Amino acid sequence: MNTTPLSIGRLKMAVANKVFSSTHCPICQSTNLKIFKSNNYFFPSYSKAPEFYIYQLLLCDDCTVIFMDIFPDEKKLANYYNTEYRASQFRIKLKEKNIEPPIMIPWSGISFMRFMNFYQTVEHHVSSLKILQNDNIIDYGGYQGMWGYAMNQTYGCYPIIYDFNEAGINFSKNAFGFARSMVAKDIYTDIFSCKAKLASLIHAFEHLLYPVKFLTHLKENILEKNGYLYIEVPNAYAFAHADPTHAFTYNTYSLERVLNVCGFEVLHIREDGFPKLEDGHDNDRMNLICLARATSEQPKTIKQLTQKPLNLQKEILWNYQKLTWKIMLNRYKNIFVSIVRNIAVTFLLILSPLLGYEKIYNFKASVKKLFK
Ligand SMILES: [Zn+2]
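About the thresholds
Residues numbered from 1 in each chain as written. Predicted model: local features only at pLDDT ≥ 70, side-chain atom pairs only at ≥ 80, totals over all residues. Axes fitted to C-alpha atoms, helices over the stretch in contact; angles between N-to-C directions. Helix = DSSP H or I, 4+ residues; strand = E, 2+ residues; numbered from the N terminus. Parallel < 35°, antiparallel > 145°, perpendicular 65-115°, else oblique. Contact = placed C-beta atoms within 7 Å. Nonpolar A, V, L, I, M, F, W, Y, C, P; charged D, E, K, R; others polar. Core = buried A, V, L, I, M, F, W, Y, C linked by C-beta atoms within 7 Å. Buried ≥ 20, exposed ≤ 12 C-beta atoms within 10 Å, placed from the backbone.

K.L.:
Would you mind showing me how to read the packing of helix α9 (residues 312-355) against helix α10 (residues 357-370) here?
P.N.:
Angle between the axes and distance between the axes are the two parameters that describe a pair of packed helices. Close contact between α9 and α10 brings their axes to 7 Å; oriented N to C, the two are set at 130°. Between α9 and α10, the angle falls in the class oblique. Listed contacts from α10 to Leu348, Leu351, Ser352 and Leu355 of α9 are Tyr357, Lys359 and Ile360. Taken together, the residues of the contact of α9 with α10 break down into 5 nonpolar, 1 polar and 1 charged.

K.L.:
Sorry if this is basic, but what is going on with the nonpolar core here?
P.N.:
It is characteristic of soluble globular proteins that their nonpolar side chains tend to be buried jointly. Residues Val65, Ala199 and Cys290 are the most contacted members of the largest nonpolar core, which totals 75 residues. Not counting residues within four places of it along the chain, the set of residues in contact with cysteine 290 comprises Ile231, Leu255, Val266, His268 and Ile269.

K.L.:
Looking at this model, I keep getting lost on unusual backbone geometry. Mind explaining?
P.N.:
Glycine aside, residues mostly have negative phi angles, and peptide bonds mostly take the trans form. The peptide bond linking isoleucine 105 to proline 106 adopts the cis configuration, its omega dihedral lying at 0°. The amide bond that connects phenylalanine 274 to the next residue, proline 275, takes the cis arrangement and shows omega of -10°. A positive phi angle, near 50°, is found at tyrosine 143, a position not held by glycine. Within the secondary structure, tyrosine 143 is located in the loop between β7 (137-140) and α5 (146-155). With a phi angle near 50°, histidine 203 is a residue other than glycine that sits in the positive phi range. For histidine 203, the location among the structural elements is in the loop between β10 (196-202) and α7 (211-222).

K.L.:
Is there a simple way to think about the environment of lysine 300 in this case?
P.N.:
Its location among the elements puts lysine 300 in the loop between β14 (287-294) and α9. C-beta crowding within 10 Å serves as the criterion here: with 11 such atoms nearby, lysine 300 is assigned to the exposed category. With 40 residues separating them along the chain, lysine 300 and asparagine 260 place their C-alpha atoms 7.8 Å apart.

The analysis is restricted to geometry; functional conclusions fall outside its scope.
Rendered as structure tokens:
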């Protein structure tokens, strides 16, 4: 763990020695930067795909965002997104090429389920946003349109899916009829035929290398006046910093700060653990859910929800520690439950021919009812 703050002189020295390239925070321009490092087994700050990209993370002491010291080359990144990034366990390797199923299992289902977070935000927290059938909605990084499909089923609207992946866009057009969907050329300059009431970025904002540039473009050229922006991103407190495509990682404070800097007012922000990923690292704080609105006035802040962390690095590492114990406890609990279940099954195997299967079935049904 390295918690030493870096002065400008030391930063310049570090740059000269190619320790890292950034001398200022890309969000708030502060030079008050530290190296962020976690050696936690479940939540490391080491790239999970070192063959693609290795980075070092910096933490801005002013806006508390965590970001990569040097961003990966954009061409290399685009190539990674279209190949290994979406490689699935169901891939079939043929002589000439590899083939994949048309939907991503289980990620398509998870994308679909993430809609519930948006629905609850609008239902319970921001009643001023009403989605109507003819509203223009753009889902940035929407890939195959699974989240958009849930929007369509709920509100009857036809969102524009915007993604770099051409196959994903074609799928959204053919399977869901999202005819206006568009393959991304340049996310920082691409525009649409109509201004949008709502733009959404579901686990996409953290991938942007230039978030300020994007939000400025979104406010000036994409959204209607006072248009809405819905963002869901991993929470720095409860998510491993191991994805080499996550250029920035936010907490509630830094997410609100970057939105404020770009003229957005946060209407609602929270930490949430839905849906579970079943990867063994699930926890109740792993995602940030945020609904904001473009404003021409000075953006207000939600102070009671987004207080600036006093020592983010220390707080994050401590939270990792707590989560690690919870994960291990859960794993041992699962082993215990599995042993008990298998002992019970062994008894049922023996008793089944003696008592007849009907009695066993009825017994199983009443046990299931008991645990419901
Ligand atoms: Zn900053």
